[in-house]
Every structure is written in structure tokens, then in C-alpha cells.
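Spelled out from the first residue to the last, the chains are:
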2 protein chains.
Amino acid sequence: MKQTLIKNLYRHTENFIDQKVQISGWIRTIRDSKTFGFIELNDGSFFKGVQIVFDDQLENYKEIAKLPISSSLKVEGDFIHTPEAKQPFEIKATKIDLEGSSNVDYPLQKKRHTFEYLRTIAHLRPRTNTFNAVFRVRSIAAYAIHKFFQEQGFVYVQSPIITGSDTEGAGEMFRVTTLDMDNLPKNEEGKTDSSKDFFGRETNLTVSGQLSAEAFALAFRNVYTFGPTFRAENSNTARHAAEFWMMEPEMAFAELPDIMDNTEEMVKFVINYVLEHAPEEMNFFNSFVEKGLLDRLENARTADFGRVTYTEAIELLKESGEDFGYPVEWGLDLQTEHERYLCEKVFKKPVFVTDYPKEIKAFYMRLNDDQKTVAATDLLVPGIGELVGGSQREEREEVLTAKIKELGMNEEDYWWYLELRKYGGTKHAGYGLGFERLIMYLTGMTNIRDVIPFPRTPGNAEF
Amino acid sequence: MKQTLIKNLYRHTENFIDQKVQISGWIRTIRDSKTFGFIELNDGSFFKGVQIVFDDQLENYKEIAKLPISSSLKVEGDFIHTPEAKQPFEIKATKIDLEGSSNVDYPLQKKRHTFEYLRTIAHLRPRTNTFNAVFRVRSIAAYAIHKFFQEQGFVYVQSPIITGSDTEGAGEMFRVTTLDMDNLPKNEEGKTDSSKDFFGRETNLTVSGQLSAEAFALAFRNVYTFGPTFRAENSNTARHAAEFWMMEPEMAFAELPDIMDNTEEMVKFVINYVLEHAPEEMNFFNSFVEKGLLDRLENARTADFGRVTYTEAIELLKESGEDFGYPVEWGLDLQTEHERYLCEKVFKKPVFVTDYPKEIKAFYMRLNDDQKTVAATDLLVPGIGELVGGSQREEREEVLTAKIKELGMNEEDYWWYLELRKYGGTKHAGYGLGFERLIMYLTGMTNIRDVIPFPRTPGNAEF
């Protein structure tokens, strides 16, 4: 008999009524009396498990009845439709084979565990309801992003991880080396001789695929990257990880409003896709992780996102009478408290803030005609703050070169990036979505460590 | 007027007949007489460009006619249907705006360039026919992989890049550090003190996401990874890169034949999807990169893949009478020449070789009852050799522990991997697909450097 996934029992119940079925899975709960027992079996294909009824007609009844939770089984039995009951069906076992026994010291016993504790058993935590839901939603959201862009003909660019350049010019990068750390080659000045390293130069882990994406946008028009990025920032907060995934679309012949439109469509598409494909998980989050989550997402997927300039936003914050922890002044960056106030209290929905002071934004952003601001935008969403950061890129070669010089950056490092402006440059724009922030936004989870399969943070690279 | 992508002009020609259209793009070719001229404009949305006819009715006729190739334009004009002509339509320009001029020293002039030269301008090469086709096929194939697995309910696991473990136990890893290479902290023995490093330990770039995938398969049943992996191997061949993408499915309650079935379905699905979604590109490869490519792929997508044991394969090779460069002997690994002989000459189609000697395979592969071989399989394909390597994993805790000890590996490093066997382990199996090999197989390109946007090889991390 062919095995059936538990997901199919739920999604296509009508096909199984009064049929024999064979399933496999792990014991979530088990209870027994002398002559019969119940097992909740979960096979990972679906958020919910299925109830197995078994009795001492089975020759191995006593062995099965004693099994510790998380033991794995193969079960054959009759599918019993119980539309009146709380569970719409159960399986009356005619045969149960033990696949692999668990152990009485299995760490995930019925009691509630803290998220902190579960991080120490990251290899087992996807077996809990919460993390099973988180990582399934993460998978579905990743696919939704690919689907959204592919169906519009965007080309997926797998930009390099190891890089000699520093996109943001911000430092805080991880060095990548094959040099023997106990026996480093030295140059004439007594410094480490990077020319002897694997790539013949100093290399680091990328902080962004944007520069690569720009090169490809000027060949394919519309592209996106989606891959891991890195920050060697020594901050132990609930929002920072050393390794995280970024998705960065880049569009040629596009200006700031074009990427704002694209961002809004993309966010709504992903919300809709996840609600449609993981309704059980989303209801779970709404009940047990963040009350009101579904209302918040319903609001986001139906509202027209707000749009406001940075200059207007500063006025709104000043007029608010709120007692913020950080100062509000034209020229200063918005802090999370300001961002959340704007989207949660003023607009009560996602809002794009545009045209930030050039001093607080990256070198590649396009200078506006006022010479004071750049064509940048951040999308702020309730519960999170900044979800997306984007900009129109400076396509004018002379303006970009002047900026690179002004910031004391090394022009030669950007030779190819400047050439993109020299050989048929176009207006172009793009944005970056921190994928983990999106998952936190979709699930209500509040610590980035709890939306990454095996998180990397200062002092932690276990597993 | 809203801009139209050139792709839409080809795919939905009937909607544009006798309409006004506006498009943007880059000049691929331009020629003019005194009073009229022709431009082939490509906007990156489609493999082919569109012919623009323009004349001196345009006030900027002389400026446009002089433009160097790769200049970018916005064009408004009339869509002229020419079903009898070689090109099914053209656009009679009523207005042409220069978006960004190129330069006369643009490196991609009409003459043919070597792939070697084009690698030195990797930021521009996607503008050539060959690389435009390669990277669009790469994008489409990546999406096909996601689609194949998502539609079967597999969960996408983004496994960590920075890791403390070495899956293959093979060494040759890149070290990741934030220590000051000119001022390294030392421990009491005078060695570099890794406990002072960012993660409090020595960390490296991952060579495989498999161990992570196994942990998730034992929670979700069916999962896959798809992300960058790294080898610090100092080999300058057409098949090796330091950074490449791997796709690694892992299935619980599965044995070797299950993953062979899954591999065969997946490869066929990707071939079909690419042929359907990039027919122009695939015809181009068939004409200009590898004659016979389409026949080779047609054979693969329709044949039942062969299946043969390693032991049988060794016999076949010995009986062949071929003069191989490397020896053929039971116990020795198959070389590419052997692999290609088997699939190209003996089977004339893709073939799975199974049950390799345990000594030449990784520690985690399941020991067969003969105690000499392991439940491993490689998929060999014509033109490439090994495309996929997979195995059933050793689920028996005591057998796995003994193997780890036998190989002198550090059991403590694998504490969590061993726990997967302790708490409800199941038979499980998985495989790894080198994504660049797949792209070479699909396109006929013969150097891995030419299927990666910005390749990293010994001595090369430019861009």
C-alpha cells in the first residue's frame, strides 16, 4: 500500500472515507488503558496530526503503548470519518510498526518551554507547534517571493557571497581567508600579506547583492537577488543576526514611485499567498503568538499604503506631543520608536517615507534637485518599523564619482560600478527586504533568533 | 502612455497590431543613411530585440543616428505587423528620447569575443546573447526547482552559511573571522585564540546544508535546501569554483529507491520547465553552443533513467576494452571518463550507479547488509558525468557512532546529529545537486565560470 501524507487526509478527506490508509509519523501524544489507546501522530506534512486509535487486538499492543513521545511509527488502518466530532476523522489501526523508538529523556515533553531554551535544541525545535509553523511559513513566504517576481519576468540573480567590495561602505564585515592563522605570511611592512590569500586579495562576506543586481538590471531590465548576507555587528538585540537573508529587486527604466508600487504589490502578494497556503499556521499565530495578527495583516493587504516625505514625517512627529526617547530633528535618522509611531498611530497602516537627507543615506542614492535630500524610501509597518529600504540609484556618472570622492571611498574599487553609468546607463531603482523581518511581521514572532533555522549571533554558531 | 516590455510584443503580438506603443531599451545595432535608420533595441525582458525604424522627421534624428551601441533609449511609435517578413513586426518611431548615451569605447562591439575575455567584464557580459541566455536559463531553472518541491509540500530550509561543523569531514574550508589579522590574540600555547573571535569559536563557510536538512526532515518529513556552498580547493579546472549553489532535498521515511525516483522526476521537471519557458534561449544554445543539445535533453526527459550497481558498473567498464586514463578496479572511485563512458556509450541516457564501496563514500551513508558497500547513488548524465550524489543516511545510532570513531572524527562535534537518531529516528535519504552543473547540462556551456554571475576561483574575486 502506498503511504499517504497526513496533509492529504485533511485536504482531500472525501477520497479516504472508509478506505484503508497507511501513514508514517512521530508520536506527539500517547495515552492508553489496559485494552486500548490513542496516539496523536504528526508526519510533518501538515500542522495538525491525526488521531490513531489502537487496541490489544494488535499483537504488539503492549510495546506500542509504552513508547516515549517522538517515537516514529508506520501505521496501517481504517480511515473513520467523524464529521460530528472535534476531529473530523481518525484512524483505527490494524497494524503498527515501530520505525525508531525515542527516549524517555526526550527534551520536548508536554510542558511549555521557553523560546530561550528551545534555541539550545535548535535541531529539535521544529518539532514543536510554534517552530513547525514558523519554518513552514518561512518556506511558503520564500516561494511566494520567487513566484511574484518570476511571473513578472524578473530574472533571479544569485549574487556572490564572497566579495572584495563593501556595498554600504559601512565596514563591519566578516573576513574570509585560507591563510594559516598561526603562521600568517607578512609583507614588507610587517602586515598580513593578503596577496598570498586564496583569492590573491582581502575578501569578505557580502553585506548586500545590490551592486551585482544593478549590473544585471542594466542587461535584463528587471532582476532580483535572494540570498544570505552578513553583518559582523556586535549587537545582541532581538532584531540583529550576523547572518540573514535579503531579497533585493532592481529595475531599470524605473524611478522611486515605481519601486514603491512594486514593494506594495509584493508585500500584499506574499501576505495573500501565506494566508491562503498556511491558514492553520496563521490561525495558530493569531491565537497563541500575537492576538490581532490576522487583523493587522488584513489591514495591510487591503489598505492603500501611505506615502509621506521625510520632511513631512518630521513635522508630524514634532506635532505629535509624544515623549520620544530619541530626538526628532530634521537631519537625524528616524528611530524604531518614530517609525512605529508613524505607521501605528498616525497612518494606522504601512507607510512609505521618502526623500531622506542625503547625509544619513548611502552613497549610491540619487540626489534630488533640492541638493539636500535623496530619492530614498523606507516602508514602515506596524509592529516592526522598517521592513523595506529602497532608493533610486544615482545614474549620473559625474554626480556619483563626486560623491565617492567626497566620502573618501576608493574610486578604483568601483570601476565596474561606474562603468554601468558610462555605457548606456538608465534611471534605475531598487530595494532591499530583510527576509527575517518579513517573517517576524507575518508571524508575530518578536526575536529574529526564532525565525532562522540555525541563527548566528555574537558568540553563537552552534549546530 | 504605459511602457510595454518587448517580451509582451512577442508573446501577445495580436494585442499590439496598429497600436501606439512605448518601449525602452539598449541599442544592440544601429545603421543609418542620410534620411532614415534602423535600430535593434533590446530591453532585457526577452532574448530577441525589436527593430525600430526612424527617419529625419524626428527633430533629433542626427543625434540619435550617431549614438554608440548600448546607449539607452525611450521610443514611442507605431507597431507595424509584418507577418511575411523575417521579423514579425517592427516599430516606426514617432519619438525617440535618449536616456543614457554609451561610449565609443564600449567593450562589446560587434566582433566575437572569447569567453575568457568576457569574464574580465562580468558586469557587462549579460548584455551578450550567450550570457543573456545563460543567466535567464539559470533563473528559470532555479524557479523550476522551487516549484517542483513546493508543489509537493517540501519545506525550503535556509541552512546556515557560517558553521562550526564540517559535513564531509573533508577539510578545505574557508575560515570566517573578525579577528584583527595584524594583531591576533594568542592563547597560552601561542596559537590564535579562537575563543576571542566573533562566535567564540573557529567558524568556516559551509560545504553542505545536509546535516541541517536532516534535522528538519525529521520534523517536516520532506525538505530541501537551496543556497551557496563553498570549497577552498586550489584547483583551476573548468568544473570547480570556490563558491557555488547546491540544492539538497532530504526525505524521512524514505530509502534509496525513493530518492532515485525523486531525482529522476526533478531532473525531468526542470528540463521540461526550461524548454517551455525559454525556447528562444534553448534554440540559441542548440545552434551556437552545443549542436545536438536539444536531442540530448529530449532523450533525458523521455527515457527511463538506467540503474546499475557500482559492482556491475565496474564489470561493464572492465569488459569495455576501452583504454581509460585512470585504472578501473573494485574499490576505486569512478573518474569522469568512466562516468561519461557509462552514460554516453553503455546506457546512452542518464544512469544511476548505486551501492558504492564504503571506503570511498562519506561517513553518514548507510551501511548495506554486505558490510562492504553503502546505500549511495550518483546520477551520471551524458556530457557532464556526475550531476547528483545521494544516499540513504545511517539512521542506526550505534552504527553511526562506530563509524565516527573509526574515522577519528570528534564525536562531540556531532552531538545533535546523533540525537536525531536517538529521538525517533527514521530511515531517511537525500541528495545534492550542484546547481552550476545542472546549468552546464541544460545549456551546453563547458566552463563553470560561464554559468555563475560573478565567479570566485583561486586568485579571482573581482566584482
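Predicted model, so just to flag it, every value in this text is computed and none were measured. Position numbers for residues start from 1 in each chain and track the written sequence from start to end. Chain A is the first chain written and ligand 1 is the first ligand written, with later ones labelled in order. Whole-chain, interface and lining totals are the exception, using all residues; otherwise, since this is a predicted model, local features are given only for residues with pLDDT of at least 70 and side-chain atom pairs are given and counted only at 80 or more. Hydrogens and waters are ignored; side-chain quantities use all the structure's heavy atoms.

This brings us to the interface of chain A and chain B. Whether two residues are in contact is decided by their heavy atoms: any pair within 4.5 Å suffices. With 108 residues of chain A at the contact, the number on the chain B side is 108 residues. When two components associate, each loses some accessible surface as probed by a 1.4 Å sphere; the sum of these losses over both components is called the buried area. Between chain A and chain B the total buried area reaches about 9,200 Å² when both faces are included, carbon and sulfur atoms providing 61% of it. On the chain A side of the interface with chain B, the three residues burying the most area are Gln158, Met181 and Tyr423 of chain A, jointly 9% of the side's total. Think of a salt bridge as a Lys or Arg side-chain nitrogen and an Asp or Glu carboxyl oxygen that are within 4 Å of each other. Viewed at the interface, chain B and chain A are joined by 6 salt bridges. Note that Arg221 of chain B and Asp43 of chain A form a salt bridge whose closest N and O atoms lie 3.9 Å from each other. Ranked by residues supplied to the side of chain A that touches chain B, first place goes to helix H4 (residues 129-151) of chain A with 13 residues. In this description, strands pair whenever DSSP reports at least two bridges between them. Comment: elements are numbered from the N terminus, with helices defined as DSSP H or I runs of at least four residues and strands as E runs of at least two. In this structure, strand E8 (residues 175-177) of chain A lies alongside strand E8 (residues 175-177) of chain B, joined through 3 bridges in antiparallel fashion.

Once that is clear, we can look at the sheet that holds strand E7 (residues 162-163) of chain A. Ordered by their spatial adjacency, 6 strands build an open sheet running E7(A)-E9(A)-E8(A)-E8(B)-E9(B)-E7(B), and the pairing between neighbours is antiparallel. Edge strands, defined here as strands with exactly one partner in the open sheet, are E7 of chain A together with strand E7 (162-163) of chain B. As paired strands, E8 of chain B and strand E9 (residues 203-205) of chain B are joined by 2 bridges and run antiparallel to one another. Bridging from a neighbouring strand, Arg175 of chain B pairs with Asn204 of chain B of E9 of chain B.

A separate point is the packing of H4 of chain A against helix H7 (residues 279-288) of chain A. Residue and element names in this part refer to chain A. It is the contact of H4 with H7, at a shortest axis distance of 10 Å, that shows an interaxial angle of 125°. Accordingly, the angle class assigned to the pair H4 and H7 is oblique. Seen from above, H4 lies across H7 with left-handed handedness. Contact residues: Asn129, Thr130, Ala133, Val134, Arg136 and Val137 in H4; Glu281, Met282, Phe284 and Phe285 in H7. Convention adopted: a line fitted to C-alpha atoms gives each axis, helices being fitted over their contacting stretch, and angles between N-to-C directions are expressed from 0 to 180 degrees. Roughly parallel refers to an angle under 35 degrees, roughly antiparallel to one over 145, roughly perpendicular to one between 65 and 115, and oblique to any angle outside these ranges. It is the rotation of the near helix from the far one that decides the hand of a crossing: anticlockwise by less than a right angle makes it left-handed, clockwise makes it right-handed.

Residues and elements named next belong to chain B. The cut-offs for exposure are 20% and 50% of the maximum accessible area for each residue type, with area from a 1.4 Å probe on protein chains only; residues under the lower value are buried, those over the upper are exposed, and the others partly exposed. The buried fraction of strand E10 (residues 222-230) is high, at 9 of 9 residues. Pairing of E10 with strand E11 (residues 243-252) involves 9 bridges; the strand directions are antiparallel. Residue pairing in the sheet places Phe230 in a bridge with Glu243 of E11.

Take the environment of Gln57 of chain B next. All names here are of chain B. Topologically, Gln57 is positioned in the loop between strand E3 (50-55) and helix H2 (61-65). Taking relative accessible area as the criterion, Gln57 reaches 69% and is therefore assigned exposed. Here the alpha-carbon distance between Gln57 and Leu9, two residues 48 residues apart in the chain, equals 25 Å.

Let's shift gears to the relation of the copies chain A and chain B. Residues below a pLDDT of 70 in either copy are left out; the C-alpha atoms of the rest, at least 70 in both, set the least-squares superposition of the copies. Expressed as a screw transformation, the operator carrying chain A onto chain B has a rotation angle of 180° and an axial translation of 0.0 Å, and the superposed copies differ by an RMSD of 0.0 Å. Expressed as a symmetry operation, the mapping of one chain copy onto the other fits a two-fold axis. Minimal C-alpha separation from the rotation axis in chain A is found for Val176 of chain A, amounting to 2.5 Å. The share of interface residues of chain A whose copies in chain B are also at the interface is 100%, consistent with both copies meeting through the same surface.

A word on the pattern of salt bridges. In total, this model carries 56 salt bridges over all chains according to the counting rule given. We note a salt bridge from Glu411 of chain B to Lys405 of chain B, for which the minimum N-O separation is 3.8 Å. You can call Lys405 of chain B exposed: its relative accessible area is 54%. A cluster of three or more residues bridged by salt bridges with shared partners is formed by Asp261, Glu264, Lys268 and Arg307 of chain A.

What follows concerns helix H8 (residues 293-302) of chain B. Residue and element names in this part refer to chain B. Those residues of H8 not exposed but buried are Leu293, Arg296, Leu297 and Ala300. The buried residues of H8 occupy an angular sector of 95° when projected down its axis, which confines them to one face. Looking at H8, the residues exposed on the side facing more than 90 degrees away from the buried face are Asp295 and Thr302. On its buried face, H8 is in contact with helix H6 (256-277), helix H7 (279-288) and helix H13 (435-443). Of all possible arcs, the one meant is that of the directions from the helix axis to the C-beta atoms.

Here we take up helix H12 (residues 415-422) of chain B. All names here are of chain B. Of all 8 residues in H12, 6 are buried, a share of seventy percent or more. Of the residues making up H12, those classed as buried are Trp416, Tyr417, Leu418, Glu419, Leu420 and Arg421. On the buried face of H12, the contacting elements are helix H5 (210-220), helix H11 (397-406) and strand E16 (428-434). In the segment just after H12, Gly424 is the residue with positive phi, at about 80°.

Despite not being glycine, Gln371 of chain A has its phi angle at roughly 65°, a positive value. In this structure, Gln371 of chain A sits in the loop between strand E13 (351-357) and strand E14 (373-381). Assessed through its relative accessible area of 48%, Gln371 of chain A is described here as partly exposed. A positive phi is found at Asp355 of chain B, a non-glycine position, where the angle reads about 60°. With respect to the helices and strands, Asp355 of chain B occurs in strand E13 (residues 351-357).

Turning next to the nonpolar core. With 278 residues, the main nonpolar core has Ile52 of chain A together with Ile52 and Leu442 of chain B as its most contacted residues. With sequence-adjacent residues up to four places away left out, Ile52 of chain B is seen in contact with Ile23, Gly37, Phe38, Ile39, Leu41, Val75, Ile91, Ala93 and Ile96 of chain B. Think of a nonpolar core as a cluster: buried Ala, Val, Leu, Ile, Met, Phe, Trp, Tyr and Cys residues, connected wherever their side-chain atoms sit within 4.5 Å. Counting 22 residues, the second-largest nonpolar core is a separate cluster that includes Ile162, Phe198, Phe230 and Ala461 of chain A.

Residues and elements named next belong to chain A. How far each domain reaches was decided by an automatic or database domain assignment. Partitioning chain A into domains gives domain 1 (6-100) and domain 2 (127-170 + 207-450). On a C-alpha basis, the centres of domain 1 and domain 2 stand 45 Å from each other. Residue-level contacts link 8 residues of domain 1 with 10 residues of domain 2. A buried area of about 770 Å², summed over both sides, lies between domain 1 and domain 2, and 41% of it is on carbon and sulfur atoms. The largest share of the area that domain 1 buries against domain 2 comes from Arg11, Arg28 and Phe47, three residues that together contribute 70% of it. At the junction of domain 1 with domain 2, the criterion picks out 1 salt bridge. A salt bridge links Arg11 to Glu280, with the nearest nitrogen and oxygen atoms 3.2 Å apart. A 3.5 Å cut-off defines polar contacts: any pair of N or O atoms within that distance qualifies, except that in protein one atom must be a possible hydrogen donor and the other a possible acceptor, and neighbouring residues in sequence count only when both atoms are side-chain atoms. Where domain 1 packs against domain 2, one counts 6 residue pairs in polar contact (both at pLDDT 80 or more). Three classes are used, and their members are as follows: Ala, Val, Leu, Ile, Met, Phe, Trp, Tyr, Cys and Pro are nonpolar, Asp, Glu, Lys and Arg are charged, and the others, Gly among them, are polar. Here the residues of the side of domain 1 that touches domain 2 are counted per class, giving 2 nonpolar, 3 polar and 3 charged.

Our next topic: the side chain of Ser212 of chain A. Tracing the chain through its elements places Ser212 of chain A in helix H5 (residues 210-220). If we ignore the near neighbours within four places in the chain, the residues touching Ser212 of chain A are Ser159, Pro160 and Trp416 of chain A together with Phe454 of chain B.

At a minimum axis separation of 11 Å, H4 of chain A and H5 of chain B run at an interaxial angle of 110°. Overall, the two elements H4 of chain A and H5 of chain B adopt an arrangement that is roughly perpendicular. The way H4 of chain A lies across H5 of chain B gives a crossing that is left-handed. Where H4 of chain A approaches H5 of chain B, its residues Phe131, Asn132, Phe135 and Arg136 of chain A are matched on the opposing element by Phe216, Ala219 and Phe220 of chain B. Class assignment of the residues belonging to the contact of H4 of chain A with H5 of chain B gives a composition of 5 nonpolar, 1 polar and 1 charged.

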